[in-house]
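Secondary and tertiary structure notes
Chain residues, written in single-letter form:
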Amino acid sequence: MPAITVADITILPRIPLPDQLTARPRPVKSVTLAPSAFEGEGFPVRRAFAGVDLRDLDPFIHLDQMGEVEYAPGEPKGTPWHPHRGFETVTYMIDGIFEHQDSNGGGGTITNGDTQWMTAGAGILHIEKPPEHLVVSGGLFHGFQLWVNLPREKKWAAPRYQDLRADEVALVSTPDGGALLRIIAGEIAGMAGPGSTYTPMTQIHATLSPGAELSLPWRADYNGLLYVLNGDGEVGPERRPIGMGQLAVYGAGDSLTVRANRQQESRSPSMDVLILGGMPIREPVAWMGPFVMNTRQEVMQAFSDYQAGRLGSIPAVHGAPSQLLSTEGEAATG
């Protein structure tokens, strides 16, 4: 799990500990296990938000852990062309390579530690797939895709694409050097990631050494979520056990805590977690397949606009797959 690392963590800026006298530690409301499924043309995913109330997730809608899988030659898969409207997709690649192309002219290749941030807004078509050389060779594939809701007035924003390189993320550590934090978006104690967001939010990938504790100051007006990529530990002041593939939802407060167990299994010598928080939008959510709107009528209008070609057209690229994904029943990664 390379993402991006440093040779000497002691040279990084340090995140200050929350004030022990005034900070209110966030309790843990729930710990759930992500079920496995298949997405797109058949790549394996874990549905990290499955079974969690949308009110606890707000402003987030959906999170897929893609892989971790070691593909044999000829096995890597992606998604065909498909539409989106009303939200943003954030694809974070930890291992492997993914290519993106969209009808708004955005596109690029992301690999270890890179992020592509696509604002679907008023509507867009896009495709995500492994490059041809990876299909031929096979290899390790592991990443995430997060769906971030947009408030009513931003759902009709013009589509845009952000290509965030691994070396652009803010790298910081805990005071004792026990944890490395990669801030992709948002701000912690004055240190900010490169992602530009319509919805105020924070996204962090943290690696904890065995026995390390990560205690973060956290905005009281944000929600707090933590998903375990690998390793085992404890969350919250209650020290609730948590492990790979589990999501913790934190309650109210202005600091959140996670601890890595001193003993980790040999396949995962450290504990890796994805930490998310955002300003709840608190608006009605009408979600069907690739569209996230406020009302059912708006969703049906999105289907009509897509079928009429008003969400964009597939760019003319020699050799590019031209099949469009049917929107019937689609409800996940894209």
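The sections below set out a description of the structure shown in this document. What you see is a predicted model, and the numbers here were worked out from it, not measured in a lab.

Another aspect to go through is the sheet that holds strand β7 (residues 98-102). Taken together, the four strands give an open sheet; going across it, the order is β5-β10-β7-β8, and neighbouring strands pair in antiparallel fashion. Bordering the open sheet on either side are β5 (79-84) and β8 (107-110), each of which pairs with just one other strand. Across the sheet, the mean angle separating the axes of adjacent strands is 20° when strand polarity is ignored. Bridge count for β5 against strand β10 (residues 124-129) is four bridges, and the pairing is antiparallel. Looking at the pairing, T79 lines up with E128 of β10.

The biggest cluster of nonpolar side chains holds 32 residues, and the ones touching the most others in it are F49, F60, L63, L146, L225 and L247. Where this core is concerned, the elements lending two or more residues are β4 (60-71), β6 (87-95), β11 (139-149), β14 (179-185), β19 (224-230), β22 (246-250) and β24 (271-278). For F49, the contacting residues outside a window of four places in its chain are L57, F60, I61, H62, L63, L146, L225, L247 and L276. By size, the runner-up hydrophobic cluster in this structure holds 30 residues, among which are I15, L214, W218 and A260.

Only one face of β7 is covered, namely the face carrying F98, H100 and D102; the face carrying E99 and Q101 is uncovered. Here four bridges tie β7 to β8, and the two strands are oriented antiparallel to one another. Residue pairing across strands places Q101 opposite G107, the latter belonging to β8. Between β7 and β8, which pair antiparallel one after the other, the connecting turn spans four residues, and G105 there sits at a positive phi close to 95°. Examined bridge by bridge, β7 and β10 share four bridges and lie antiparallel to one another. Opposite Q101, over in β10, you have I127 as the bridge partner.

Further remarks concern helix α3 (residues 296-307). Look at α3: 17 Å from first C-alpha to last across 12 residues, which is about the 16 Å you get at 1.5 Å a residue. Here α3 has its buried residues at V299, A302, F303, D305 and Y306. Along the axis of α3, the buried positions cluster into a sector of 165°, meaning they face one direction only. Across α3 from its buried face, at more than 90 degrees, point the exposed residues Q297 and Q307. Here the buried face of α3 lies against β5, β10, β25 (286-288) and β26 (291-293). Directly after α3, the chain includes G309, whose backbone phi takes a positive value near 80°.

To continue, consider the environment of L229. Locating L229 in the fold gives a position in strand β19. Sequence spacing of L229 and F144 is 85 residues, and the spatial spacing of their C-alpha atoms is 10.0 Å.

By the definition in use, this model includes 11 salt bridges. R47 is paired through a salt bridge with D64; the nearest N and O atoms lie 2.5 Å apart. Of this pair, R47 sits in strand β3 (residues 43-47) while D64 sits in strand β4, and the two are 17 residues apart along the sequence. Of the two residues examined, R47 and D64, each falls in the buried class. R85 is paired through a salt bridge with D305; the nearest N and O atoms lie 3.0 Å apart. Here R85, found in the loop between β5 and β6, pairs with D305, found in helix α3; they are 220 residues apart in sequence, far enough to count as distant. Given a relative accessible area of 9%, D305 falls into the buried group. Each of R85, D305 and R310 takes part in a single network of salt bridges with overlapping partners.

Taken as a whole and assessed by the stated rule, the structure comprises four aromatic pairs. Both rings, one in F144 and one in Y227, keep their centres 5.7 Å apart while their planes meet at 80°; by these two values the pair is edge-to-face. In this pair, F144 is assigned in strand β11 and Y227 in strand β19, connecting sequence segments 83 residues apart. Accessibility assignment for this pair places F144 and Y227 in one class, buried. What links up through ring pairs into an aromatic cluster is the set F87, W147 and W287.

Rules of the game
Residues numbered from 1 in each chain as written. Predicted model: local features only at pLDDT ≥ 70, side-chain atom pairs only at ≥ 80, totals over all residues. Heavy atoms only, no water. Pairing = 2+ DSSP bridges. Helix = DSSP H or I, 4+ residues; strand = E, 2+ residues; numbered from the N terminus. Axes fitted to C-alpha atoms, helices over the stretch in contact; angles between N-to-C directions. Core = buried A, V, L, I, M, F, W, Y, C linked by side-chain atoms within 4.5 Å. Buried < 20%, exposed > 50% of the residue type's maximum accessible area, 1.4 Å probe, protein only. Contact = heavy atoms within 4.5 Å. Expected span 1.5 Å × (residues − 1). Arc of directions from axis to C-beta. Salt bridge = Lys/Arg side-chain N within 4 Å of Asp/Glu carboxyl O. Phe/Tyr/Trp six-rings, centres within 6.5 Å; stacked < 30°, edge-to-face > 60°.

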